[in-house]
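# Structure at a glance
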Amino acid sequence: MKSVIALEALDGVGKSTIAKLVARRLNGVVYRPSGKIAHQINAASELPYGSQERTDAHRKSLTMMSREIKEIAKSHTVILDRFYASWASEKVGTGNLKLTEISMESWPNDLIKPDLSIHLRVDEEERLHRIGIRSYQNQREIRLGNDEPYRFRVLRGLTKLTNCDIDNTFRSPEETAAAIIQRLPIGKDVLRTRKALLA
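The sections below set out a description of the structure shown in this document. (Residues numbered from 1 in each chain as written. Predicted model: local features only at pLDDT ≥ 70, side-chain atom pairs only at ≥ 80, totals over all residues. Heavy atoms only, no water.)

### Let's talk about the overall build of the chain
- The helix and strand tally for the chain stands at nine helices and five strands.
- Counted from the first residue to the last, the chain has its helices and strands arranged as β-α-β-α-α-β-α-β-α-α-α-β-α-α.
- Counting all 199 residues of the chain, 48% fall into the buried class.
- Counting only contacts in the chain whose residues sit at least 6 apart along the sequence, the fraction spanning at least 24 positions is 75%.
- With an accessible surface of roughly 10300 Å², the chain has 50% of that area assigned to carbon and sulfur atoms. (Helix = DSSP H or I, 4+ residues; strand = E, 2+ residues; numbered from the N terminus. Buried < 20%, exposed > 50% of the residue type's maximum accessible area, 1.4 Å probe, protein only. Contact = heavy atoms within 4.5 Å. Areas by Shrake-Rupley, 256 points an atom, 1.4 Å probe, with all protein chains shown as cover.)

Below, the structure is given as structure tokens:
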């Protein structure tokens, strides 16, 4: 099986751009859920924010996504633009999950565990600036900007469920992508790319 890399972060950090760069450098793919799963995710997102019903619906989506990711990873390196760590840390933020209940060691059996899970960070002022130039902000983005204790709990959850942090504040997207690849355990699918980065 090829490598699976998860990029986890608060909104506005630059995950999507960096995911595309990492995928390109590793000749991989950025995972996008199929139609049925995308429909499930959209339906879950319509439920009241912070509700148990929404939490359960999104968790079910992760199980479905995991099956697809395993299939794709049989032939391609897969980059995830958010996965379990983002879901769980949001639940920690809202109080629906305790911080003591999550860890890399207690990863759920029904979910694929990434070979590398990166917590991308930027300075909070820079993050808010990036969010501010968007034409639309979802409920999570608004709460992250306005509720410091909530944001702190979410960040602690992300730290517990990722292998390492990479600060993206003063790096270019290309430099951040290179830093991620450097942290990937060496396997057949990344050895050639890593050598090229070091040359």
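After that view, the rundown keeps rolling.
### Looking at the pattern of salt bridges
- Within the structure shown, the criterion is met by six salt bridges.
- Notably, a salt bridge pairs Arg82 with Asp11, separated by 3.0 Å at the nearest N-O pair. Remark: Asp11 occurs in the loop between strand 1 (4–8) and helix 1 (15–25) and Arg82 occurs in the loop between strand 3 (78–81) and helix 4 (84–94); sequence separation between them is 71 residues.
- Across the salt bridge formed by Glu90 and Lys91, the nearest N and O atoms sit 3.9 Å from each other. (Salt bridge = Lys/Arg side-chain N within 4 Å of Asp/Glu carboxyl O.)

### Focus: the sheet that holds strand 5 (residues 164–167)
- The five strands are arranged 2-3-1-4-5 in an open sheet whose pairing can be described as parallel. Each of the sheet's edge strands pairs with one partner strand only, and the pair in question is strand 2 (29–30) and strand 5.
- Where strand 4 (residues 116–121) lies against strand 5, four bridges are found, and the strand directions are parallel. Each bridged residue has a counterpart across the sheet, and for His119 the counterpart in strand 5 is Asp165. (Pairing = 2+ DSSP bridges.)

### Focus: a positive patch on the surface
- A cluster of basic side chains, namely Lys36, Lys60, Arg67 and Lys70, defines a positive patch on the protein surface.
- Along the chain, Lys36 turns up in helix 2 (residues 35–45). (Patch = residues over 30% accessible without salt bridge, like charges linked within 9 Å, V, L, I, M, F, W, Y side chains within 5 Å. Lys, Arg positive; Asp, Glu negative; His and termini not counted. Charge placed at Lys NZ, Arg CZ, Asp CG, Glu CD.)

### Observations concerning the packing of helix 1 against helix 8 (residues 173–183)
- At a minimum axis distance of 9 Å, the contact between helix 1 and helix 8 shows a crossing angle of 60°. Judged by the inter-axis angle, helix 1 sits oblique to helix 8. Handedness of the crossing formed by helix 1 with helix 8: right-handed. Across the interface between the two elements, Thr17, Ile18, Leu21, Val22 and Arg25 from helix 1 touch Pro173, Glu174, Thr176, Ala177, Ala178, Ile180 and Ile181 from helix 8. (Axes fitted to C-alpha atoms, helices over the stretch in contact; angles between N-to-C directions. Parallel < 35°, antiparallel > 145°, perpendicular 65-115°, else oblique. Left-handed = near helix turned anticlockwise from the far one by under 90°.)

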